[in-house]
Amino acid sequence: MARSNPGLRAGAAATAAMEAKLNWLPQGDLLSLLAPSPNIRCNDGSGSTVSTPSDCITTSSPEASINTVSWDKVFTRTEIRLIQPVWDFGKISAGVEAAEAGVGVARQKEAGARADLELNVRKAYFGLKFARDVLDMLDEGSGYVGDAEKKLEKDIFAGTGNATVTDRLRLRTVRAELDGRILEAKRLQGLARDSLRTLLGPDAPAEIDVDDDPFEPPEVKERPVTYYEDLARFSRPEVRLLEYAVKAKHALADLERRKEYPDFVLIGTAAYAYAQTVDDPNNAFMSHYFNSKTAGIAAALRLQLDLGPKIARARKTSAEAQEVEYRRSEALGGILLEVRKAYGETTEAVARVATMDKGQKAGKAWISAVAQNFAVGLAEARDLSDALVAFFGMRTRYLQAVFDLDVALSTLSRATGSSEL
C-alpha cells in the first residue's frame, strides 16, 4: 500500500522526465508570416509597367515600404529549416550514453526512496505489534493485581490472615504503576498507527491494524558479514546509483572532448511565399522573397571556432569524472560500514532475544507460583508485587529485544538492498 505514497509517485515522475530527454529527432526552426502585401510592379527601362514579368528591368518601388502596401491584400511566407547530424565524431552516442546513465541515476534514486519508505513502514508496523503485546502483558498483570486486591480487601474486612493496611497501599502503588504503563503503551500504539497511516499516504484506509500472529522473533540465518557486504556491492540502490553517476560523468567528459571536432550534417530547407500585389520576374539572379516555392537539401560541415573554451571544458569535465570516482569509493566505504553496523545490531539482538526469553519464562513461572501461594495465604503482598515487577520488566525487555531484532533485520535489508536475508 505504501508504494502508492505521493513521494514515490514524485520520484517516478522525475524518472519519466529524465527518460523524455532521450531524443533522436532533427532540430530546426519554423517561421510563418502574415502581413499586408506590398505594391511592387515590374517596369521596362523607361519606367512603364510591363505585363509580362520576363520583361522586367526595374520595379515600381526600390524596396518594400510601409507607405506602398495594400492593406486589403495579403502577403504570406513560411520557412522551415531542419538540421540532422550524420557524422559527429561520436557526439550523439556520447550524449545518449550520458542521458541513459542519467536515467539510471534517477531510477536508482527512486529505488532508494522506495527502500527508505519500506524500512519506515516496517518500523511502524513492528512498533504497533510491540505496543499491542505490551498492552496484552499489562492486561494479564492487571488481572493478577485485581485478584490480589480482592483477596486482600476480603482478608482485612474479615480480620483473617496476615493482610495489613501496608499491603493494601503496596498493591495500590503497583496498580498505579500498572495503569501508568497502560496509558503509556496506548500512546505509543496510537503513535505507531498514525505513523503507519501517514506512510501509506492519503489513500490509506481509516482503520489500520497488524496481523494477529504472536510477536515472536524471526528466524535469522547465520552468515558472515562478508556475505552482506557482497550483497550491498551488487544490490543496494545507492551503490548502483554511484556507478551510473560515474558512467554519466565519463560520458559527459567524452562528449566535451568530441565537441572539439566538426559535425557533418544534412540541412533541409523549404519555403513558400505569396504576395498578391508583387510581380515575380523570371530571373534567377533576382530575389524572390515575396513569391517563391523552394525546397533543398545539402550536406555541410559545421564547427564553432571556440576551441580554447572547449578544451578547457573538456579538461574540467574529465577532472570532475575522476572526482566522482573517488567519491564513489568513499561512499562505498560508508555503505559497508553501515552494513557492518546493522549486522552487529542484528547479531546482538539475536543473542539478547535468547537471553530475555529465558528471563521472561522464569518471571512467568515466578508470578504464577506466587499468585497461587497468595491465593491460599502462603505468600505476602510483597512477594506478589516483587514477582509482578520482575515479570513486567523481563517480559517488556523480551518484547523490546524482538522489536529491536525486527528493526535490525529490516535495517540490514535496507543496507544491503536485498530482502533475501
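Residues numbered from 1 in each chain as written. Predicted model: local features only at pLDDT ≥ 70, side-chain atom pairs only at ≥ 80, totals over all residues. Heavy atoms only, no water.

A.B. asks: Help me out: how do you make sense of the packing of aromatic side chains in this one?
C.D. replies: To describe a pair of aromatic rings, you give the distance between the ring centres and the angle between the ring planes. In this structure the tally under the stated criterion is 11 aromatic pairs. Taking the centre distance of 6.1 Å and the plane angle of 45 degrees together, the rings of Phe391 and Phe392 count as tilted. Note on accessibility: Phe391 and Phe392 belong to one class, buried. Following the ring pairs from residue to residue traces out a cluster consisting of Phe75, Tyr289 and Phe290. (Phe/Tyr/Trp six-rings, centres within 6.5 Å; stacked < 30°, edge-to-face > 60°. Buried < 20%, exposed > 50% of the residue type's maximum accessible area, 1.4 Å probe, protein only.)

A.B. asks: Which parts of the structure should I look at to understand the nonpolar core?
C.D. replies: Note on soluble globular proteins: their nonpolar side chains tend to be buried together. Ranked by internal contacts, the top residues of the largest apolar core, which has 38 residues, are Val134, Leu138, Phe215, Ile367, Leu384 and Leu388. For this core, the secondary-structure elements that each account for two or more residues are helix 2 (91-158), helix 3 (165-200), helix 6 (307-375) and helix 7 (381-416). For Leu138, the residues in contact, after removing those within four places along its chain, are Leu178, Arg181, Ile182 and Ala185. (Core = buried A, V, L, I, M, F, W, Y, C linked by side-chain atoms within 4.5 Å. Helix = DSSP H or I, 4+ residues; strand = E, 2+ residues; numbered from the N terminus. Contact = heavy atoms within 4.5 Å.)

A.B. asks: Help me out: how do you make sense of the environment of Asp263 in this one?
C.D. replies: Relative to the helices and strands, Asp263 resides in strand 5 (residues 263-275). On the basis of relative accessibility, which here comes to 13%, the residue Asp263 falls in the buried class. Spatially, the C-alpha atom of Asp263 lies 4.4 Å from that of Asp88, the residues being 175 residues apart in sequence. Beyond its immediate sequence surroundings of up to four residues, Asp263 is in contact with Trp87, Asp88, Lys91, Ala300, Leu301 and Arg302. A polar atom in the side chain of Asp263 sits 2.7 Å from the side chain of Lys91. (Polar contact = N/O pair within 3.5 Å; in protein donor to acceptor, adjacent residues only side chain to side chain.)

A.B. asks: It is not clear to me how the pattern of salt bridges should be interpreted in this structure. Could you clarify?
C.D. replies: A side chain with one charge may pair with a side chain of the opposite charge, provided their charged atoms come close. Throughout the structure, instances matching the rule amount to 33 salt bridges. Across the pair Asp230 and Arg233 runs a salt bridge, and its minimum N-O distance is 2.9 Å. Taken together, the residues Asp230 and Arg233, both in helix 4 (residues 225-235) and three residues apart, mark about one turn of the helix. As a salt-bridge pair, Arg328 and Glu243 come within 3.5 Å of each other at their nearest N and O atoms. Remark: Glu243 occurs in helix 5 (residues 237-258) and Arg328 occurs in helix 6; sequence separation between them is 85 residues. Among the residues examined, Arg328 registers a relative accessible area of 25% and is labelled partly exposed. By sharing partners, the salt bridges in this structure join Asp116, Arg236, Glu238, Glu338 and Arg414 into a single network. (Salt bridge = Lys/Arg side-chain N within 4 Å of Asp/Glu carboxyl O.)

A.B. asks: Got a minute to help me understand the layout of surface pockets in this structure?
C.D. replies: To find the voids left in a structure, one rolls a probe of water-molecule size over its atoms. Reported here for the second largest pocket is a volume of approximately 310 Å³. In this structure, the second largest pocket is lined by 15 residues; those nearest its centre are Phe130, Val134, Glu184, Ala185 and Leu188. Broken down by secondary-structure element, the contributors of at least two residues to the lining of the second largest pocket are helix 2, helix 3 and helix 7. At seven residues, the largest contribution of residues to the lining of the second largest pocket is made by helix 3. Its residues placed into classes, the lining of the second largest pocket shows 10 nonpolar, three polar and two charged. (1 Å grid on protein atoms, 1.4 Å probe; cavity = no way out; pocket = protein on both sides within 12 Å on 5 of 7 lines; lining within 4 Å. Points joined across faces, edges and corners; volume = space filled by probe spheres on them. Nonpolar A, V, L, I, M, F, W, Y, C, P; charged D, E, K, R; others polar.)

A.B. asks: I tried to follow the side chain of Ser142 on my own but got confused; where do I start?
C.D. replies: On the secondary structure map, Ser142 appears in helix 2. A distance of 2.8 Å separates a polar atom in the side chain of Ser142 from a polar atom in the side chain of Arg175. Filtering out sequence-adjacent residues up to four positions away, Ser142 remains in contact with Arg175 and Leu178.

A.B. asks: Sorry if this is basic, but what is going on with the sheet that holds strand 1 (residues 27-38) here?
C.D. replies: The strands that make up a sheet pair up through hydrogen bonds in the backbone, lying either parallel or antiparallel. If you walk across this open sheet you meet the four strands as 1-4-5-6, and the pairing is antiparallel. Each edge of the open sheet is held by one strand with a lone partner, namely strand 1 and strand 6 (292-302). Going from strand to strand, the sheet's axes swing by 15 degrees on average, the running direction of each strand aside. Here strand 5 pairs with strand 6 via 11 bridges, running antiparallel. From the neighbouring strand, Asp263 faces strand 6, where its bridge partner is Arg302. (Pairing = 2+ DSSP bridges. Axes fitted to C-alpha atoms, helices over the stretch in contact; angles between N-to-C directions.)

A.B. asks: Any chance you could explain the packing of helix 2 against helix 3 here in plain terms?
C.D. replies: For any two helices packed against each other, one specifies the crossing angle of their axes together with the interaxial distance. Direction vectors running N to C along helix 2 and helix 3 enclose 160 degrees, while the axes themselves pass 8 Å from each other. Between helix 2 and helix 3, the angle falls in the class roughly antiparallel. Viewed along their axes, helix 2 and helix 3 form a crossing whose handedness is left-handed. For the contact of helix 2 with helix 3, a count of residues per class yields 23 nonpolar, seven polar and 11 charged. (Parallel < 35°, antiparallel > 145°, perpendicular 65-115°, else oblique. Left-handed = near helix turned anticlockwise from the far one by under 90°.)

A.B. asks: Can you walk me through the environment of Glu320 in this structure?
C.D. replies: Along the chain, Glu320 turns up in helix 6. Along the sequence, Glu320 and Lys186 sit 134 residues apart, while their C-alpha atoms lie 54 Å from each other. One polar contact links Glu320 to Lys316, side chain to side chain, over a distance of 2.5 Å.

A.B. asks: Mind showing me how you'd approach helix 4 here?
C.D. replies: Helical geometry note: an α-helix holds 3.6 residues per turn, so side chains three or four residues apart project in the same direction. Those residues of helix 4 that sit buried are Tyr228, Glu229, Leu231 and Ala232. Down the axis of helix 4, the buried side of the element spans an arc of 155 degrees, and every buried residue falls inside it. Where helix 4 is buried, its residues meet helix 5, helix 6 and helix 7. (Arc of directions from axis to C-beta.)

A.B. asks: Just to check I follow, could you spell out the packing of helix 4 against helix 5 for this structure?
C.D. replies: Two elements in contact, helix 4 and helix 5, have axes whose closest approach is 6 Å; the angle formed by their N-to-C orientations is 45 degrees. The orientation of helix 4 relative to helix 5 falls into the category oblique. For the pair helix 4 and helix 5, contact is made by Ala232, Arg233, Phe234 and Ser235 and by Pro237, Val239, Arg240 and Glu243, respectively. Counted by class, the contact of helix 4 with helix 5 contains four nonpolar, one polar and three charged residues.

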